[in-house]
Amino acid sequence: MLRAAVPDQTHVGRRYTASGQRIAPEAAARMAAAIAGPDPVADPDAVPPTFAAVYCLAPTFAQLFTDPEVGIDLAGLIHGEQSFEWPEPVRAGDVVDATTEIVGVDLKRGMTYVRLAMEAVRPADQAVVCRGTALMIVRAAA
Amino acid sequence: MTALSVSSVSVGDAVTPLSRQVSQEQINAYADASGDHNPIHVDADFARSVGLPGTIAHGLLELGILAEAISSWAGGSANLRSLSCRFSKPLLPGDTIICTGSVTAVDEAEGVATLEVGASSDRGDRVLTNGRATVRLSR
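Residues numbered from 1 in each chain as written. Chains lettered and ligands numbered in written order. Predicted model: local features only at pLDDT ≥ 70, side-chain atom pairs only at ≥ 80, totals over all residues.

Colleague: Before we go on, may I ask you to explain the nonpolar core in this structure?
Modeller: Of all hydrophobic cores here, the largest spans 77 residues; its most connected members are Ala52(A), Tyr55(A), Leu66(B) and Ile70(B). Apart from the residues within four sequence positions on either side, Leu66(B) is in contact with Cys99(B), Val117(B), Ala119(B), Leu128(B) and Gly131(B). (Core = buried A, V, L, I, M, F, W, Y, C linked by C-beta atoms within 7 Å. Buried ≥ 20, exposed ≤ 12 C-beta atoms within 10 Å, placed from the backbone. Contact = placed C-beta atoms within 7 Å.)

Colleague: What is the right way to look at the environment of Arg136(B) in this model?
Modeller: Residues and elements named next belong to chain B. The residue Arg136 is located in strand β5 (residues 126-136) in this model. Judged by local crowding, Arg136 falls into the partly exposed class, with 19 C-beta atoms found within 10 Å. In this structure, the C-alpha to C-alpha distance between Arg136 and Asn79, residues 57 residues apart in sequence, is 4.9 Å. Residues in contact with Arg136, not counting those within four places in the same chain, are Ala3, Asn79, Arg81, Gly111 and Val112. (Helix = DSSP H or I, 4+ residues; strand = E, 2+ residues; numbered from the N terminus.)

Colleague: Explain the pairing of strand β4 (residues 111-122) of chain A to me, please; I cannot follow it from the model alone.
Modeller: Regular strands have side chains that alternate between both faces of the sheet. All names here are of chain A. When strand β3 (residues 95-108) meets β4, the two strands line up antiparallel, connected through 11 bridges. From the neighbouring strand, Glu101 faces β4, where its bridge partner is Ala117. What sits between the antiparallel neighbours β3 and β4 is a turn of 2 residues, in which Arg109 has the positive phi angle 50°. One ladder, built from 11 bridges, connects β4 with strand β5 (residues 127-138); its direction is antiparallel. Opposite Thr112, over in β5, you have Val138 as the bridge partner. (Pairing = 2+ DSSP bridges.)

Colleague: What is the right way to look at the sheet that holds β4(A) in this model?
Modeller: Paired through backbone hydrogen bonds, the strands of a sheet run either parallel or antiparallel to each other. Reading across from one edge, β1(A)-β3(A)-β4(A)-β5(A)-β2(A)-β2(B)-β5(B)-β4(B)-β3(B)-β1(B) is the order of the 10 strands in this open sheet, with antiparallel pairing throughout. The open sheet is flanked by β1 (15-22) of chain A together with β1 (18-21) of chain B, the only strands paired with a single partner. With direction set aside, neighbouring strand axes in the sheet form an average angle of 20°. The pairing of strand β2 (residues 77-85) of chain A with β5(A) spans 8 bridges and is antiparallel. Bridge pairing links His79(A) to Met136(A) in β5(A). In this fold helix α2 (residues 52-65) of chain A packs onto β1, β2, β3, β4 and β5 of chain A, with an angle of close to 55° to the strand it touches most, β3(A). Along the sheet face, helix α4 (residues 59-74) of chain B touches β2 of chain A together with β1, β2 (80-87), β3 (96-107), β4 (112-121) and β5 of chain B and points at about 145° away from the line of β2(B). (Axes fitted to C-alpha atoms, helices over the stretch in contact; angles between N-to-C directions.)

Colleague: Can you help me understand the confidence of the model for chain A in this one?
Modeller: Close inspection of predicted coordinates is inappropriate in any region flagged by low pLDDT. Per-residue pLDDT for chain A averages 93, and the proportion of residues at 70 or more is 96%. Looking over chain A, one finds the lowest element-wise mean pLDDT in β2(A), namely 95, and the highest in β1(A), namely 98. (pLDDT = per-residue confidence, 0-100.)

Colleague: Which parts of the structure should I look at to understand the interface of chain A and chain B?
Modeller: When the parts of a complex come together, some accessible area is lost, and that lost area is often taken as the interface size. If you look at the interface, chain A gives 28 residues, while chain B gives 32 residues. Those elements that provide at least two residues to the side of chain A that touches chain B are α1 (25-36), α2 and β2 of chain A. With 7 residues, the single largest contributor to the side of chain A that touches chain B is β2(A). Taken together, the residues of the side of chain A that touches chain B sort by class into 16 nonpolar, 7 polar and 5 charged. Examined bridge by bridge, β2(A) and β2(B) share 5 bridges and lie antiparallel to one another. Its bridge partner lying in β2(B), Ser83(A) is registered against Ser84(B). (Nonpolar A, V, L, I, M, F, W, Y, C, P; charged D, E, K, R; others polar.)

Colleague: Which parts of the structure should I look at to understand the packing of α1(A) against helix α1 (residues 24-34) of chain B?
Modeller: What describes two packed helices is the angle between their axes and the distance between those same axes. Two numbers describe how α1(A) lies on α1(B): the axes approach to 9 Å, and their chain directions differ by 160°. With respect to their mutual orientation, α1(A) and α1(B) come out roughly antiparallel. As α1(A) packs across α1(B), the resulting crossing turns out to be left-handed. Residue-level contacts link Arg30(A), Met31(A) and Ala34(A) of α1(A) to Gln26(B), Ala29(B), Tyr30(B), Ala33(B) and Ser34(B) of α1(B). Within the contact of α1(A) with α1(B), the residues separate by chemical class into 5 nonpolar, 2 polar and 1 charged. (Parallel < 35°, antiparallel > 145°, perpendicular 65-115°, else oblique. Left-handed = near helix turned anticlockwise from the far one by under 90°.)

The following block contains the structure:
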């Protein structure tokens, strides 16, 4: 039987691109409400900064997590660290192109540490609206 | 909203702490809003099967609440330039997250303040650690 794929160093450099991600006002408002929970939304006219989860992480991570050659097991996945930088604020109605790249894979204490770098660019003016890094920890299969 | 002015911000200034109890309903709403339906956030039986005490909040929901706390202090989220942290401990449904921050540096030439930020739970767990943020200031 073939052994299932697991992330390793040979996957460094793989890029996942999701072009034409629209910052839909209703989706941004839904996230703002979800963050506010029981409280009123603090800044109803703004796109929450962490809406990057929707326009940058979700569409590119979906490709990474279903890449059969990398073989990330979602059931054992832990989001360990996250950094975001917003060089230019993103606005409702913007359309952006998002990319995630695998920049590191390390095995430590039986767990695989996958380092990712993300970027979202607004092609209309070539502005980088979000840049970030994430550390995903894949626990060893039982 | 307007950014804080460089002259009004000093090292040691504190962000107004933000406390928010996070319910399973809020975690479900965040799963819908973010598209992250990983069962560790929404299915208690599944979460327990992978060794968790039950469902846990999304790290990015916690980071979103921390971003709100900093943005409110900074005069709006457009003034939040960067934010990073480690997701050290899980936040469980029913826990209250308490977000804090304080200014560690002010770059008058660049018009940027750097803050040490983080969050703990009302059970005493430090859920977001190694946190750092930068905000834009007006001159």
